[in-house]
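Each chain, written out:
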Number of protein chains: 2
Amino acid sequence: MSNMRLKEQLDNLFNPKAVAVIGASNTFGKWGYNVLNRALSHKQGRQVYAVNNKEPEVMGLKAYRSVVEVPGPVDFAVITVPFQDVPAAMEDCVTKGVRSAVVISGGLAETGEEGARVERHIAEIARRGGIRFIGPNCLGYCNPYANFCTAPFLPPVETGRVALISQSGNSGQSILDYGLQMGVGFSKFISSGNEADLRFEDYLEYLGQDENTDIILGYVEGLREGRRFLELAREITRKKPIVIIKVGRTDVGTRAARSHSSALAGSDVVLDAAFKQCGVIRVNKLHEVVDVAVSLLGQPLPQGRRVGVLSMSGGMAVIAADALRKEGFELPPLSPATMEKLNSMMSRRWSGGNPVDPAGDFVSYQALWPMIEDGGFDAIVVIGGVAMTSGYATWAPATMKPATEEVGRLMEEAELDAIKTTIDLMNKHHKPVLFTVGSARFETEGKVPLKLRESHLNLYPDPEESAKVLGRLVRYSEYLGPRTSSLQVAEKWRAK
Amino acid sequence: MSNMRLKEQLDNLFNPKAVAVIGASNTFGKWGYNVLNRALSHKQGRQVYAVNNKEPEVMGLKAYRSVVEVPGPVDFAVITVPFQDVPAAMEDCVTKGVRSAVVISGGLAETGEEGARVERHIAEIARRGGIRFIGPNCLGYCNPYANFCTAPFLPPVETGRVALISQSGNSGQSILDYGLQMGVGFSKFISSGNEADLRFEDYLEYLGQDENTDIILGYVEGLREGRRFLELAREITRKKPIVIIKVGRTDVGTRAARSHSSALAGSDVVLDAAFKQCGVIRVNKLHEVVDVAVSLLGQPLPQGRRVGVLSMSGGMAVIAADALRKEGFELPPLSPATMEKLNSMMSRRWSGGNPVDPAGDFVSYQALWPMIEDGGFDAIVVIGGVAMTSGYATWAPATMKPATEEVGRLMEEAELDAIKTTIDLMNKHHKPVLFTVGSARFETEGKVPLKLRESHLNLYPDPEESAKVLGRLVRYSEYLGPRTSSLQVAEKWRAK
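Here is what the cut-offs are and how they apply
- Sequence positions are assigned chain by chain, starting from 1 and proceeding in written order.
- Each chain takes a letter, starting from A, and each ligand takes a number, starting from 1, following the order in which they are written.
- This being a predicted model, a pLDDT of at least 70 is required before a residue's local features are given, and a value of 80 or more before pairs of side-chain atoms are given or counted; all residues contribute to the totals for chains, interfaces and linings.
- Secondary structure is summarised from DSSP: a helix means a run of H or I of at least four residues, a strand means a run of E of at least two, and numbering begins at the N terminus for each.
- Residues with at least 20 other C-beta atoms within 10 Å of their own are called buried, those with 12 or fewer are called exposed, and the rest are partly exposed. The C-beta atoms themselves are positioned from the backbone.
- Contact between two residues is assigned when their C-beta atoms, built from the backbone, lie within 7 Å.
- Superposing copies: least-squares fit, C-alpha atoms only, residues required to have pLDDT of at least 70 in both.
- By the convention used here, strands pair only if DSSP detects at least 2 bridges between them.
- Note on definitions: angles span 0 to 180 degrees between N-to-C directions of axes, and those axes are lines fitted to C-alpha atoms, for helices only across the stretch in contact.
- Note that Gly is not counted as nonpolar here; it falls among the polar residues with everything else outside the nonpolar set of Ala, Val, Leu, Ile, Met, Phe, Trp, Tyr, Cys and Pro and the charged set of Asp, Glu, Lys and Arg.
- In this description, a nonpolar core means buried residues of the types Ala, Val, Leu, Ile, Met, Phe, Trp, Tyr and Cys, linked to one another by C-beta atoms lying within 7 Å.
- Call a crossover right-handed when, viewed with both strands pointing away from you, the route from the first strand across the helix to the second goes clockwise.
- Each crossing is labelled by how the near helix is turned from the far one, with a counterclockwise turn of less than a right angle marking it left-handed and a clockwise turn marking it right-handed.
- Across the chain, each position has a pLDDT score giving the predictor's confidence in that residue, from 0 to 100.

This part is about the overall build of chain A. Along its length, chain A carries 17 helices and 18 strands. Expressed as a percentage of the 496 residues in chain A, the buried residues total 57%. Counted over contacts in chain A with a minimum sequence separation of 6, partners at least 24 positions apart contribute 73%.

Attention now goes to the relation of the copies chain B and chain A. Of the transformation superimposing chain B on chain A, the axial component is 0.0 Å and the angular component is 180°, with the fit at an RMSD of 0.0 Å. Here the two chains are linked by the operation of a two-fold rotation axis. Taken together, the interface assignments show that 100% of the residues at the interface of chain B recur at the interface of chain A, consistent with an identical surface on both copies.

All right, on to the sheet that holds strand β2 (residues 47-51) of chain A then. Residues and elements named next belong to chain A. Pairing is mixed in the open sheet, where seven strands are placed in the order β3-β4-β2-β1-β5-β6-β7. Edge positions in the sheet fall to β3 (57-58) and β7 (132-134), since each of these pairs with one other strand and no more. Strand direction decides the pairing type here: β2 and strand β4 (residues 61-64), joined by two bridges, are parallel. For Val-51, the partnering residue across the bridge sits in β4 and is Tyr-64. Seen against the sheet, helix α2 (residues 31-41) touches β1 (18-22), β2, β3 and β5 (76-79) and runs at an angle of roughly 165° to β1. Most of the contacts of helix α3 (residues 86-96) go to β5, to which it runs at about 170°, and overall it touches β1, β5 and β6 (100-103).

Once that is clear, we can look at the interface of chain B and chain A. Contact residues are listed per partner, giving 48 residues for chain B and 48 residues for chain A. Mapped by element, the contributors of at least two residues to the side of chain B that touches chain A are α5 (169-181), α8 (251-261) and α11 (314-326) of chain B. The element contributing the most residues to the side of chain B that touches chain A is α11 of chain B, with 10 residues. Split into classes, the residues belonging to the side of chain B that touches chain A amount to 16 nonpolar, 21 polar and 11 charged.

Residues and elements named next belong to chain B. Spatial ordering of the open sheet is given by β3-β4-β2-β1-β5-β6-β7, a layout of seven strands whose pairing is mixed. In the strand order of this sheet, the two ends are held by β3 (57-58) and β7 (132-134), each with one partner. Strand direction decides the pairing type here: strand β6 (residues 100-103) and β7, joined by three bridges, are parallel. Residue pairing in the sheet places Ala-101 in a bridge with Phe-133 of β7. Packing against the sheet, helix α2 (residues 31-41) makes contact with β1 (18-22), β2 (47-51), β3 and β5 (76-79), and its axis sits at approximately 165° to β1.

Turning our eyes to something else, we now look at the nonpolar core. The nonpolar side chains of a soluble globular protein tend to be buried, and buried together. Grouped together as the largest cluster of nonpolar side chains are 306 residues, with contacts concentrated most on Ala-293 of chain A together with Ala-293 of chain B. Leave out the neighbours within four places in its chain, and Ala-293 of chain A touches Val-162, Gly-179, Val-184, Ile-215, Leu-217 and Val-243 of chain A.

Residues and elements named next belong to chain B. The buried fraction of α2 is high, at eight of 11 residues. Listed as buried for α2 are Trp-31, Gly-32, Tyr-33, Asn-34, Val-35, Leu-36, Arg-38 and Ala-39. At its buried positions, α2 is contacted by β1, β2, β3, β5 and β9 (148-149).

All names here are of chain B. Its location among the elements puts Gly-218 in strand β12 (residues 215-220). As a C-alpha pair, Gly-218 and Ile-175 span 43 residues in sequence and 9.7 Å in three-dimensional space. Beyond its immediate sequence surroundings of up to four residues, Gly-218 is in contact with Ile-165, Phe-200, Ile-242 and Ile-244.

Once that is clear, we can look at unusual backbone geometry. Residues and elements named next belong to chain A. Geometrically, the link from Asn-354 to Pro-355 is a cis peptide bond, its omega value of 5° lying close to zero. Tracing the chain through its elements places Pro-355 in the loop between α12 (336-345) and α13 (365-373). Phi is positive for Glu-195, which is not a glycine, with a value near 55°. Here Glu-195 lies in the loop between β11 (186-191) and α6 (200-209). A count of 26 C-beta atoms within 10 Å places Glu-195 in the buried class. For His-456, which is not glycine, the phi torsion reads 55° and is therefore positive. Structurally, His-456 can be placed in the loop between α15 (447-454) and β18 (459-460).

All names here are of chain A. Side chains Phe-76 and Val-78 project from β5 onto one buried face, and the interleaved Ala-77 and Ile-79 project onto a second face that is buried too. In the sheet, β1 pairs with β5 via four bridges, with the strands oriented parallel. Following the sheet pairing, Val-19 is matched in β5 by Phe-76. One crossover worth recording links β5 to the parallel β6 by way of α3, and it is right-handed.

Turning to the packing of helix α10 (residues 286-298) of chain A against helix α16 (residues 463-480) of chain A, a few remarks are in order. Residue and element names in this part refer to chain A. Their axes nearest at 10 Å, the elements α10 and α16 cross at an angle of 60°. Handedness of the crossing formed by α10 with α16: right-handed. Contact residues: α10 offers Glu-288, Asp-291, Val-292 and Ser-295, while α16 offers Glu-465, Lys-468, Val-469, Arg-472 and Leu-473. Its residues assigned to classes, the contact of α10 with α16 shows three nonpolar, one polar and five charged.

Residue and element names in this part refer to chain A. Examined against the element boundaries, Asp-268 turns out to sit in helix α9 (residues 268-277). Residue Asp-268 is classed as partly exposed on the basis of its C-beta count, with 17 C-beta atoms lying within 10 Å. As a C-alpha pair, Asp-268 and Thr-250 span 18 residues in sequence and 7.8 Å in three-dimensional space.

For the rest of this paragraph, the subject is the pairing of β1 of chain A. All names here are of chain A. Most of β1 is tucked away: four of the five residues are buried. The pairing of β1 with β2 spans five bridges and is parallel. Looking at the pairing, Ile-22 lines up with Val-51 of β2. As a crossover connection, the stretch from β1 through α2 into β2 is right-handed.

On to the confidence of the model for chain A. Residues and elements named next belong to chain A. Summing up the model confidence of chain A, the mean pLDDT is 87 and the portion of residues at 70 or higher is 89%. Of the regions scoring below 50 in pLDDT, residues 386-399 engages in 47 contacts with residues more than four places distant in sequence or in other chains. A low-confidence stretch, residues 484-488 stays under pLDDT 50, and its non-local contacts, those more than four residues away or across chains, total five contacts. Both scores are available for the predicted complex, with the pTM at 0.84 and the ipTM at 0.79.

Here the focus is the environment of Met-316 of chain A. Mapped onto the elements, Met-316 of chain A comes out in helix α11 (residues 314-326). A residue is classified by how many C-beta atoms lie within 10 Å of it, and Met-316 of chain A, with 28 of them, is buried. Taking the C-alpha atoms as reference points, Met-316 of chain A and Glu-464 of chain A, separated by 148 residues in sequence, lie 9.9 Å from one another. In contact with Met-316 of chain A, other than residues within four places in its own chain, are Ser-311, Ile-383, Gly-384 and Pro-463 of chain A together with Asn-170 and Ser-171 of chain B.

In structure tokens form, the structure reads like this:
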């Protein structure tokens, strides 16, 4: 199969003209209800047909007993019938000339030999009829650029430069949900299920060429074409970062994966080494997938392992030092020029070195900026609030809130100016700045959080998370090699 | 020093009759302002005096030039003057007959030799005058039982059975804040600072005997009396769990700790082994201190390492299996009786084993209960919402919210009943149940979250956290040994 052929097939799959929901239902809560509901709410410019072999009408639409009976052409079907009825539904699709499909239905290979037999049968029918399909045992996909979605439980998905392929529907949704909260826009979300036809590797190949996609995220339980994955990854990661969470790392986890998505996981250690060789950024927790994506979108890649820490808590500075050290970073001394600047602005209580801790006073942007400019650092980790000039808008205790609305407004403006200066310095010096602020990460109101989200400046919940993300970034930067190439990647996103 | 003497001294320190704030200030935001403000707001039944050698009046109180000039007796002082003025202030306290003090002031041993010299001088004056003190370079303490607090930035602290000793003021506050959010009440909070006089070990000894304290939490940068700590811990952990986060684990972290709290950390590996030998529960992140405390308060200790997993997401089930395996747990098969019950209530899509995954349907309490009763498990990890019968009250997408208020009320009642049944089964079978639900952990409204918080049923953000906490609990249970003794500990709390 040539790339052009795959591209054409998936272009149709992700942007169909006429959709049939086979197994459409009037019963609130059933998959056939939820999927049709979702398809109808993204209907604009395309036909949507309901297929139900018992009811004459579903959700106010005329229902056809079979997709074959639909009067007009149908190029795409979502199949949500019980597992034993899927082969017949797929046969009907072939007869009708459907080109691509999503099989939502579960109860197939993941449940044992009977289901596996039916699943093979479905795949055979589709192959014979030239139908490419996602699933079974999946949510299908979301394509915000075409305003079409088969996954029923998602909030509205913003368009953006990040694609997500997930072998778990639920975990994929969690990643997507968290990404949307953090201001990430998506080019595609694919829930790949049991991958009886289209596989993780097919989506990867497609997205590697997709002009709307700059970063590819993946949730993996088991790769069916390991060698192909690695060949693709080696090529793609030179232009687009690939961030993967691979679960099923232990014997028990692998067993659980088999009964979930019928995935056959290989040795985790071998895979880990292979990922490294191909520049794949591997993470260990769901939310880390998003945290790394946000950093890639918003920050220059670090050009080395020397980190400056600015913390308004001495305890957190120690925790940060431990965490950074474990990720292989150094905390070198401040330059004499930086020392002089900090001495002039802080009380003699301050820690007098790196980590910089004002020890009881508040940290300020004025202390951060000389650290960004200090040639001895490749990255800065800030702990204890972004709201550092004005200080109080986002995190201060109630007793320290601005006295009047006007004071609040002035603080907010000063804060926005300071963030702008920080971003400018960060880009000028090609140096990421990671803010660590605890629960404030979920703050959603006000101009400051909005500005941070728009700029893809993540707020990490603790120093360990900041250190971990920075570790992923520096290893990718080292993989890409000399400064220019990694900056090309970073500059490319920035230009968007 | 005998225990009785230490007890008497600290009893006075934690519940003084007449308080002088030395360095009290009219300037909003200064420590001398914040501390006096806090002392005044907890004034009831005790005298509070302001001492300021320049101003005639502070916050509407007559200000004395020195504590010596205060007309009535003063048994306790909070000192917030600049570091070089602390010795004179301490001398005045000796002259006045003050018995105990908190030295908030920083700029001492943590900043280098000059500060260390002044700090030794302060300690010498206090020792000579028979004054015990907390600090310097600290927030002091909070004693909710006596309604007294010197730490300025805390929300109101509920009384309860948990004590916290912290060598970092800020980290201590973070633990306390999170604890309060999670429904933990406190017997004491102590920010121990540089420990020039009273040390972590003194507080530990005191709290070991404290009738209001059942669990002792600690944030440690360096132990000044390692051997004494371990002797105390060995004795105390037979009756009261000790949960410690020890930072400064790496060379870089240790260096940062020295310039923060002047702590001298020993080898982390040695300490780790020593902690194990004494039954100390060691954790690695600030929030974990609280998570373990909540579980100890609300759950029976697990009596073995066999875990049943019930998950509404197959992907999360795999992640849970991996995480539990890494903590040394097993996921044995379901008993035939449990299999039969689950087969009768779930679609054939379900995973058909442990982890139990309904695969697209919702998990229900009806599936959880047979798992708790299954003699093959020592603990259950539930993933994907507590709201499982009614389902929708706390976590469901907006489209699935109850149609009317009345339906909502019925759902809530069903949910509360189901939680009660779950707790009863959990206690009957001496088996912890850990709920994993993502962001719902921060939900604060409604009867269901309230009931969960009151019952100390924690909601963990991801399966890794549930596995980690369960790992801490099982190792403590194994340390305590045969079933009876660990249950005694658990039963004791439950009786409160």
